[in-house]
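Listed below, chain by chain, are the residues.
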Amino acid sequence: MSQPLTRLARSLLLCLPLFGLVPSAQAGLFDDEEARKAILELRGRLDKAEAANTQLSQQLQQQQAARKAENADATEQLNVLRRGVLDLNGQIELLRGEMAKLRGQDEQATQSTRDAARELADLQRKQKDLIAALAAQDERLRKLEPQKVSLDGREITVDVAEKKAYDDAIGVLRKGDFARAAEALQAFQRRFAGSSYGGHVQYWLGNAQYGKGDVKEAMATFRALVTSTPDHPRAAEALLAVANCQVELKDPKAARKTLDELVKTYPQSEAAQSGRERLAQIK
């Protein structure tokens with residue numbers, strides 16, 4: 001999204017020197033030959049200005065088609081800026097008409113040149129302001145774009161609000177406030193159903209439930225993770241956690257069965273190694 005605006009800014013900057021080349025006023029009037037040369041030169045520069053302005057309009061239209069409106073306020077501001085570009089186009093068209101009147105008006109060439117220079121300088125200033133405004137708007141929209149994050153060696157794409165909600169919930173869990181962490185993680189599941197964070201949220205929810213003493217709920221949460229996404233990076237750890245819950249619930253037979261499942265399903269995992277050690281301890 002930022003690349004089209006960068007090209008737009010460069011196109012605008014390429015236009016600026018065209019407007020700064022209007023000859024300064026000198027005392028006296030042009031003779032016929034000098035006036036004709038001045039008119040031809042002004043027409044050439046005007047054609048370049050029109051071409052640059054056409055390119056600017058085309059790039060802005062392409063940007064408009066590509067950009068996704070992230071919120072109503074940002075879209076409204078961008079529309080105001082586009083209307084400013086159209087207004088500048090109208091002013092440039094008026095300036096072209098005024099320059100055309102310079103033909104045959106040798107006695108007014110100097111004054112007309114001064115007026116044109118002032119108007120072009122004003123347009124130059126407005127275009128600089130427009131570039132700055134568009135750059136600021138682009139930066140604001142860029143901050144709303146989805147972000148790529150890495151979890152357990154896997155790269156996922158999440159929204160800004162989604163990432164913040166997950167980070168906040170994990171932050172509470174790390175502080176040891178398991179009850180609040182469980183509430184935050186469950187709220188995340190309701191708000192961002194189908195999130196790429198889903199498996200991790202379920203795993204940490206099981207830990208939060210276990211931490212606050214809801215062993216049966218924790219066991220069900222861990223088992224649900226293994227059942228729904230057996231290839232998840234945390235699946236082996238979740239299965240080991242199920243066995244730990246069963247041990248705590250005084251069900252060693254079920255714990256041994258779960259540990260056997262862990263060793264067979266994820267034999268190369270660190271959790272499987274811990275599971276083998278636990279099997280040797282459970283009677």
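Higher on the page you've got the structure.
Criteria and cut-off values
Residues numbered from 1 in each chain as written. Predicted model: local features only at pLDDT ≥ 70, side-chain atom pairs only at ≥ 80, totals over all residues. Heavy atoms only, no water. Core = buried A, V, L, I, M, F, W, Y, C linked by side-chain atoms within 4.5 Å. Buried < 20%, exposed > 50% of the residue type's maximum accessible area, 1.4 Å probe, protein only. Helix = DSSP H or I, 4+ residues; strand = E, 2+ residues; numbered from the N terminus. Contact = heavy atoms within 4.5 Å. Pairing = 2+ DSSP bridges. Phe/Tyr/Trp six-rings, centres within 6.5 Å; stacked < 30°, edge-to-face > 60°. Salt bridge = Lys/Arg side-chain N within 4 Å of Asp/Glu carboxyl O. Expected span 1.5 Å × (residues − 1). Arc of directions from axis to C-beta.

### Things to note about the nonpolar core
And step 1. Within the largest apolar cluster, 24 residues are counted, with the highest numbers of intra-cluster contacts made by Phe222, Ala238, Leu259, Leu262 and Tyr266.
And step 2. Elements supplying a minimum of two residues to this core: α8 (215–228), α9 (235–248), α10 (252–265) and α11 (270–281).
And step 3. By residue number, the principal contributor to this core is α9, which donates nine residues.
And step 4. Here Tyr266 is in contact with Val226, Pro230, Ala235, Ala236, Leu239 and Ala272, once residues within four sequence places are set aside.
And step 5. Ranked by size, the runner-up nonpolar core spans 18 residues in total, among them Val149, Ala169, Phe188 and Val201.

### A short note on the pairing of strand β1 (residues 147–151)
And step 1. Sheet topology note: the β1/strand β2 (residues 154–158) ladder contains five bridges and is antiparallel. Bridge pairing in β2 links Lys148 to Thr157.

### Regarding the packing of aromatic side chains
Centre-to-centre distance and the angle between the planes together describe a pair of aromatic rings.
And step 1. Enumeration over the complete set of coordinates arrives at six aromatic pairs.
And step 2. Relative to Phe188, the ring of Tyr166 has its centre 6.3 Å away and its plane inclined at 70 degrees; by these criteria the two rings are edge-to-face. Residue Tyr166 is located in helix α5 (residues 160–174), and its partner Phe188 is located in helix α6 (residues 178–191); the two are separated by 22 residues in the primary sequence. An identical accessibility class is assigned to Tyr166 and Phe188; each is buried.
And step 3. Look at Phe188 and Tyr197: their rings are 6.0 Å apart centre to centre, the planes differ by 80 degrees, and that puts the pair in the edge-to-face class.
And step 4. Assessed through its relative accessible area of 3%, Phe188 is described here as buried.
And step 5. Taken together, the ring pairs connect Tyr166, Phe188, Phe192 and Tyr197 into an aromatic cluster.

### Some thoughts on the pattern of salt bridges
And step 1. Counted under the stated rule, the structure contains 10 salt bridges.
And step 2. Ionic pairing is found between Asp168 and Lys164, a salt bridge with its closest N-O pair at 2.9 Å. Of the two residues, Asp168 and Lys164 are both situated in helix α5; the distance of four residues between them amounts to about one turn of the helix.
And step 3. Looking at Lys164, the relative accessible area reads 52%, which means it is exposed.
And step 4. With its nearest N and O atoms 3.4 Å apart, the salt bridge here joins Asp177 to Arg180.
And step 5. Residue Arg180 is classed as partly exposed on the basis of its relative accessible area, which comes to 49%.
And step 6. Connected via shared salt-bridge partners are Glu50, Glu93 and Arg96.

### What to know about helix α7 (residues 198–211)
And step 1. Spanning 14 residues, α7 covers 20 Å between terminal C-alpha atoms, matching the ideal 20 Å at 1.5 Å per step.
And step 2. Along α7, the residues classified as buried are Gly199, His200, Val201, Gln202, Tyr203, Leu205, Gly206, Ala208 and Gln209.
And step 3. Looking at the packing, one finds that the buried side of α7 touches β1, α5, α6, α8 and α9.
And step 4. Gly213, located one to two residues past α7, shows a positive phi value of around 95 degrees.

### What about the side chain of Ser195?
And step 1. Within the secondary structure, Ser195 sits in the loop between α6 and α7.
And step 2. With a relative accessible area of 13%, Ser195 lands in the buried category.
And step 3. Setting aside chain neighbours within four positions, we find Ser195 in contact with Glu162 and Phe188.

### Notes on unusual backbone geometry
And step 1. Of note in the backbone geometry, Lys250 takes a positive phi value of approximately 65 degrees without being a glycine.
And step 2. With respect to the secondary-structure elements, Lys250 resides in the loop between α9 and α10.
And step 3. Since its relative accessible area comes to 71%, Lys250 is described here as exposed.

### Notes on α6
And step 1. Between its first and last C-alpha atoms α6 spans 20 Å; for 14 residues at 1.5 Å apiece the expected length is 20 Å, and the two agree.
And step 2. All of the buried residues in α6 are Ala181, Ala182, Leu185 and Phe188. Taken down its axis, α6 places every buried residue within 120 degrees of arc, on the same side. Looking at α6, the residues exposed on the side facing more than 90 degrees away from the buried face are Glu183, Arg190 and Arg191.

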